[in-house]
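Fold and contact review
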Amino acid sequence: MDQYRHGDLIIMRVDAIPAGAIPQQHRILAEGEATGHAHRVDTGVLYEREGRLYLDVAAAKASLTHEEHGTIILPTGRYEVRRQREYIAPELTRQVMD
Amino acid sequence: MLTARSLKILTPEQAAMLPSIRDEWIDRAIGGDYHVDIEALQAGILWAYRRAGLAPPRHIFLMASPWAAQCAANSYQVHDQVSNQVSNQVSNQVSNRVSNQVRAQVSAQVRDQIDTQVSTQIRDQVRDQVHDQVGNQVGTQVGTQVGTQVDAQIRDQVDDQVRAQISAQVNAQVRAQVNAQVRDQVRDQVGNQVGTQVGTQVGTQVDAQIRDQIHDQVGAQVHDLSIMQWCPEAYSGYGWDCGWLAYYDAFRRFGVVNLPDFGRYVNFVGSGVWNCIILRSAAIVCRRPCAVHRDGRNRLHRLDGPAVQWADGYSNYFVHGVSMPAWTIEHPERLNAQAVLAEQNVEVRHVMVEQLGVTRFMQEADPHVVDEDVDGGGMPRRLLRIQMTGDEPICVVDVICPSTGHRHFLRVPPGMQRAHDAVAWTFDLPPEQYAPLVEA
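1. Here's the deal with unusual backbone geometry
- We note that E50 of chain A has phi near 50°; this positive angle belongs to a residue other than glycine.
- Mapping E50 of chain A onto the fold places it in the loop between strand 6 (45–49) and strand 7 (52–65).
- If you check the backbone angles, N298 of chain B has positive phi at about 65° while not being a glycine.

2. Quick word on the pairing of strand 11 (residues 394–400) of chain B
Residues and elements named next belong to chain B.
- The element strand 11 is extensively covered by neighbouring structure, given that six of its seven residues are classed as buried.
- Sheet analysis places strand 10 (residues 380–386) next to strand 11, joined by five bridges and oriented antiparallel. Along strand 11, the bridge assignment pairs R385 with C395.
- Direction of pairing for strand 11 relative to strand 12 (residues 407–412): antiparallel, over a ladder of six bridges. Residue pairing in the sheet places V396 in a bridge with R411 of strand 12.
- Taking the residues that link successive antiparallel strands as the turn, the strand 11-strand 12 hairpin has six residues, and the phi of G405 there is positive, at about 75°.

3. Here we look at the environment of Q355 of chain B
Residue and element names in this part refer to chain B.
- In this structure, Q355 sits in helix 10 (residues 346–356).
- Assessed through its relative accessible area of 28%, Q355 is described here as partly exposed.
- Beyond its immediate chain neighbours, meaning those up to four positions away, Q355 contacts M324, T328, I329 and L335.

4. A look at the packing of aromatic side chains
All names here are of chain B.
- Using the criterion set out here, one finds 15 aromatic pairs over all chains in the structure.
- For the ring pair Y247 and Y248, a centre distance of 5.2 Å and an interplane angle of 40° mean the geometry is tilted.
- Here Y247 falls in the buried class, since its relative accessible area comes to 3%.
- Overall, the relative accessible area of 5% leaves Y248 in the buried class.

5. Here we look at the sheet that holds strand 4 (residues 291–292) of chain B
Residues and elements named next belong to chain B.
- Strand order in this open sheet of three strands is 4-5-6, and the pairing throughout is antiparallel. Since the sheet does not close on itself, it has two edges, and those belong to strand 4 and strand 6 (315–316), each with one partner.
- In this sheet, strand 5 (residues 308–309) lies alongside strand 4 in antiparallel orientation, the contact comprising two bridges. For V292, the partnering residue across the bridge sits in strand 5 and is V308.

Reading guide: rules and limits
- Residues numbered from 1 in each chain as written.
- Chains lettered and ligands numbered in written order.
- Predicted model: local features only at pLDDT ≥ 70, side-chain atom pairs only at ≥ 80, totals over all residues.
- Heavy atoms only, no water.
- Helix = DSSP H or I, 4+ residues; strand = E, 2+ residues; numbered from the N terminus.
- Buried < 20%, exposed > 50% of the residue type's maximum accessible area, 1.4 Å probe, protein only.
- Pairing = 2+ DSSP bridges.
- Contact = heavy atoms within 4.5 Å.
- Phe/Tyr/Trp six-rings, centres within 6.5 Å; stacked < 30°, edge-to-face > 60°.

Here's what the structure looks like:
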């Protein structure tokens, strides 16, 4: 399972985008609250299902960029995008916010 | 006027103009001059409404900060809603018509003129040197950052109002009455002991239902008043338009662009508008900031005071582009390890650790090193446990970002034994499945 780590995100190759996932009208994988910075791709279609994001890259490659992080090249394929989480208390977690 | 595609290469004089055009626009936007040319402003607003096919606004309000402008807009909405229930919807449409449509139309016309007369290479050259740099330094750094802060503060304020209203209505009226009724009925029938239990249960359930009902009704209404909801495309002014205006302005100076409407848009913004909230019958204009402090990478930054100041005293605090709570800058003596560990935003937490000093943070937190290793990219990782009096221990994984070099302390469940397992847990992955090919 190919994994790409980009700051507080992990992008993991998956076999398929889950059925019922809804295409999004943007290419922002995550946005920072304190910095206004964003993880974004220059091509591909983002999908959302049950709070999780998926990315379909049909082109030969997509560039994953962010104002503070190095660029990662994602080859053609389908991916799940996961945001890092933190522990708060037993049975409680929250997404890492930047 | 130049003929089609006549501009194929910039003369040395034209190329030399690009940095000065860039600096001129940045200086006009965030150089500290917050003067507004009232006559030019009025003419600009009347033109924008007319251009969007709307009747002129009855009022033009001039405010000194985006916070004051947003509060004025929300208050005006309340006033307007009394006389016209659909005004909220209309206002949003109006806002979009003036800000989006006029901007889009003017921009499209100018673009057509440039596209037919300027080679791609020159367009790219001017875009790199003027559009992107002005846009990044003014729009992204100041416009977006301050706008996001104001939006969050407005949301908090609206939430506070909702909560306060619900609390007052539920506590003072509903809960007391329902509880009293249930208590009296049940107590009479089954005695004090059972009555207390049932009364509490029923009271809690009714209370929750009514709380939901009131939240839906009151909350939704009050939220509607928060018209901004962070949509920068709905504003006009230096804060949002600087990048593309500077880019097209370069071509105007080269003699390529000569559209009257572009000149009018520049004059409107150039009268001193940071942003302008367009309502059906009122335009609410915000002056430019009176001081903006930045670091060497043009990120908003100041360690001994607000990075952005507005003429009415409203201030915004940033450290290397990270939006900080005011107290961390105004009262750094209050910073300690406990405050760092209580902060939820990792970037804010990182700045707080930097302000406090990693050494002092570690001394105060006094962590036990549970495990340490090196990640796939060669970066050291440590799993730390901090004993807390009267609470479960705090377990954090101490990691360094390979791109930024920032050190982050991420909280993980207290039972963790290995640094690798802890990092895998943060991505909701079993340890054996966490193995990134690339990390940046």
